[in-house]
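The chain contents come next:
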Amino acid sequence: MNRLVGGHRAKNSPLIDGFVCIAVATLLTACCTSLLGMIDLANIVMIFLLSTFLIAITLGGSAAILSSVLNVAFFDFFFVTPRFSFSVDDSQYLITFWVMLIVGLVTGQLGARLKEQLFDISVREKLAKALQALSKGLFNAKSEEQIVQTTKAVLEDVLGVALVIVIKDDSENIPSIPGLDMRLIKQAMQSGTRIIQEPETTRIPSRIYLPIRDKLNTLGLLVATDENQSLKLFGRDDLLQTAVHLLAMAITQTRLVKAEEDSKVQNATERLKSAILSSLSHDLRTPLTTMIGLAERLEEGCPDLAPENKEAIQIIRSEGIRLSGMIGNLLEMARIQTQGPKLKRDWQLIEEVIGTSIKQLQTFSPKTQIKTDIDVAVPPLYFDEILIERVLCNLLENAAKYSSLGSTIEVTANIAGKFAVISVIDSGQGFVQNPEQLFDMFSRGISDTHQSGMGLGLAICKEIVQAHGGSILAKNNEARQGATVSFTLPITENKSLPKP
Amino acid sequence: MKSESLKVLIVEDDVHILDLITKAISAMDFRPIQAANIASALQHATSDQPDLVILDLGLPDGNGISFVNSYRQWSSRPVLVLSARMQEHEKVKVLDAGADDYLTKPFGTAELMARIRALLRRQGITASNTPKFIFGEIAVDLSTRKVTKADQEIHLSPIEYQLLSVLLTHHGRVVTHRQLLKEVWGGQHMEDHHYLRIYVGHLRHKLEDNPTQPKFLLTETGVGYRLEI
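Residues numbered from 1 in each chain as written. Chains lettered and ligands numbered in written order. Predicted model: local features only at pLDDT ≥ 70, side-chain atom pairs only at ≥ 80, totals over all residues. Heavy atoms only, no water.

Turning our attention to the packing of aromatic side chains. Here the structure, examined in full by the defined rule, presents 15 aromatic pairs over all chains. Ring geometry for Phe75 of chain A and Phe97 of chain A: centres 6.2 Å apart, planes at 85°, overall edge-to-face. Taken together, the residues Phe75 of chain A in helix H4 (residues 61-78) and Phe97 of chain A in helix H5 (residues 92-140) connect sequence positions 22 residues apart. Judged by relative accessible area, Phe75 of chain A falls into the buried class, the value being 0%. Ring centres of Tyr71 of chain B and Trp74 of chain B lie 5.2 Å apart, and the angle between their planes is 80°; this geometry places the pair in the edge-to-face category. Residue Tyr71 of chain B is classed as buried on the basis of its relative accessible area of 1%. Through pairs of rings, three or more aromatic residues link up here, namely Phe74, Phe77, Phe78, Phe84 and Phe86 of chain A. (Phe/Tyr/Trp six-rings, centres within 6.5 Å; stacked < 30°, edge-to-face > 60°. Helix = DSSP H or I, 4+ residues; strand = E, 2+ residues; numbered from the N terminus. Buried < 20%, exposed > 50% of the residue type's maximum accessible area, 1.4 Å probe, protein only.)

Glancing now at the side chain of Ser357 of chain A. All names here are of chain A. Topologically, Ser357 is positioned in helix H10 (residues 350-364). A relative accessible area of 0% places Ser357 in the buried class. With residues near it in sequence (within four places) discarded, Ser357 still touches Glu389, Leu392, Cys393 and Leu396. (Contact = heavy atoms within 4.5 Å.)

All names here are of chain B. With respect to topology, three strands assemble into an open sheet ordered S12-S14-S13, the strand pairing being antiparallel. The open sheet has two edge strands, strand S12 (174-176) and strand S13 (217-220), and neither has a second partner. Ignoring which end each strand starts from, the neighbouring axes of this sheet average 30° apart. Relative to strand S14 (residues 224-227), S12 is paired through three bridges, and the arrangement is antiparallel. Bridge pairing links Thr176 to Gly224 in S14. (Pairing = 2+ DSSP bridges. Axes fitted to C-alpha atoms, helices over the stretch in contact; angles between N-to-C directions.)

All right, on to the interface of chain B and chain A then. Put simply, an interface is often sized by how much accessible area is lost when its parts join up. Taken together, the contact pairs 39 residues of chain B with 43 residues of chain A. The largest contributions to the chain B side of the interface with chain A come from Pro106, Arg197 and Thr212 of chain B, which together make up 18% of the buried area. Taken together, the connections running from chain B to chain A amount to three salt bridges. For Arg204 of chain B, the salt bridge is made with Glu352 of chain A, and the minimal N-O distance between the two is 3.4 Å. Viewed at the interface, chain A and chain B are joined by twelve residue pairs in polar contact (both at pLDDT 80 or more). Put simply, the parts of the chain that give the side of chain B that touches chain A at least two residues each are helix H1 (15-27), helix H4 (88-97), helix H5 (109-128), helix H8 (193-207) and S13 of chain B. In terms of residues, the side of chain B that touches chain A owes the most to one element, H8 of chain B, which gives eleven residues. A per-class count over the side of chain B that touches chain A returns 14 nonpolar, 17 polar and eight charged. (Buried area = accessible area lost by both parts, 1.4 Å probe. Salt bridge = Lys/Arg side-chain N within 4 Å of Asp/Glu carboxyl O. Polar contact = N/O pair within 3.5 Å; in protein donor to acceptor, adjacent residues only side chain to side chain. Nonpolar A, V, L, I, M, F, W, Y, C, P; charged D, E, K, R; others polar.)

All quantities given are derived from atomic positions and should not be read as evidence of function.
Here it is in structure tokens:
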């Protein structure tokens, strides 16, 4: 007997029970009548009592009541003188009747209860075994689908319930399940407590909504339905509650294992990427070093060069340095795109970074004039100097590229509310296209000119500035020629900084 | 010490760059010694006793840092590191291991020669132990602790003075944040780089004509500072 339902409450109808009781009483009467004279009435009473007891443990308590009443009646009618009448000659028999009735009722009830308890114990044992099987099955489950399948396979049949298991963190996105109350599903998942629907009439199935929870979060929901009887029977509701705890543990476990595997793969990928980037950077820069070095040697070694040849050599050198800068941008962008900018922030003075960026610009564009105007009130800021230097270098390089030769670039820094604003102002031709689009990858300020560049610079600037909690903005100058690119960095207070 | 006798060991695996540096060294009237990997570099370093080592970090038989580590156990002569990798933490690592200066590829020969001269000159000056330094309009006398700019005395706080004197004793080469913090603050505030940055800022405002575009007190982004005199 696998199913609990079939075994227990699908019992004979009261009519059949009554018929059996009458038949037993009649049969006993017939047997005892034929033996009358050979056995005492007292023994006949014993036989009747025995029949009540047997009926109690086979047919249950109510049949036992009927049986004991019937037995008293049959005994009185067929065996006590005057026979075939309910009247009694010897009033002592009244005591016999009462004793018979009471003993029959009591033993009947005891027997029936014994039988029920035995059944109950065997059912609970089956449930305990099912739970054991469940925990074993869940231990071996590798995925959430397997968890659901195992749970259904182990519990549905033994418990005699239909299960619906949904593993989903968000109660909003659960697909509607036919026959179930979506309102109750959401309520159970959001509150994290179980909801039991108990039938008042037999037409409504008994149903329990159990949220699957770990310590903090709702992981999903289990709905158990029994069409025939209450789920509270044999403590099936409590068993389901335990099953749900096991489910929660199994789900958390599989997720942990999965996360660990994912992070292993991710680490390996990142290591590979950074190895590729690092060797690319090495392999591309080494030939450039030779190029630049040779150009310099040519320039120094041949003082008699014609001016146009000398200029050509100088261009080879400065373009080589520019190319190296572009490789830097490209690798930086690749790194930011794959890993996200990793900030190594520290408190520092913005003027220092502006200074190093200007110095870098001058290595390949020595003729560019740069004017700085830094508000002394700008406090030390919290940023990654290498990345912010990259931003400033890119902005200065762009400004130098799109300005006419020998023009002045202005770098300013001042305070605007809770931000420091750093601006690079040039006096070139300004932006032709919408300044908003400038920061998209590979879009270039001026699309077809003699000036080369990949437009990568501004895209990187945007990524870096945003990672610092600032913003970047480009606009054409209103009062004069040229354009301004400004970025902001948040000002945060640091009490541990030394005072001047 | 005549410059003809000065020997420079060049450790570089790229043939063209090796050739380029060799020619630059020869042009400076120094004697170049070539090595293409760490093993032969160590061999030459012991047998030839070079006055300066120029070391590429990415070598076929390992990272140049391992060369610096073993070289520093028995020699204090200058090491100039070349690196194509941009990662600042690698530069800091090799400088903290005992290298004196670094150049990032691609570099120009002019810059390379200037660095070589500065490193060799510094060695000579350390030997003569001059307490007086003059750069631009600034004069520093370490024996009297007096700092003047255009003959006007400049008042420096004790920490600013200490910072300046550390940079002066290492002038011409890069000093990492860590080394400066250790020498100026003596092991305290080893992680507080911002102390350093702010005092360098003060020093620049007192010494430099244009603190934003300094001529002498230069920043090596992500690595440290260099006093160029």
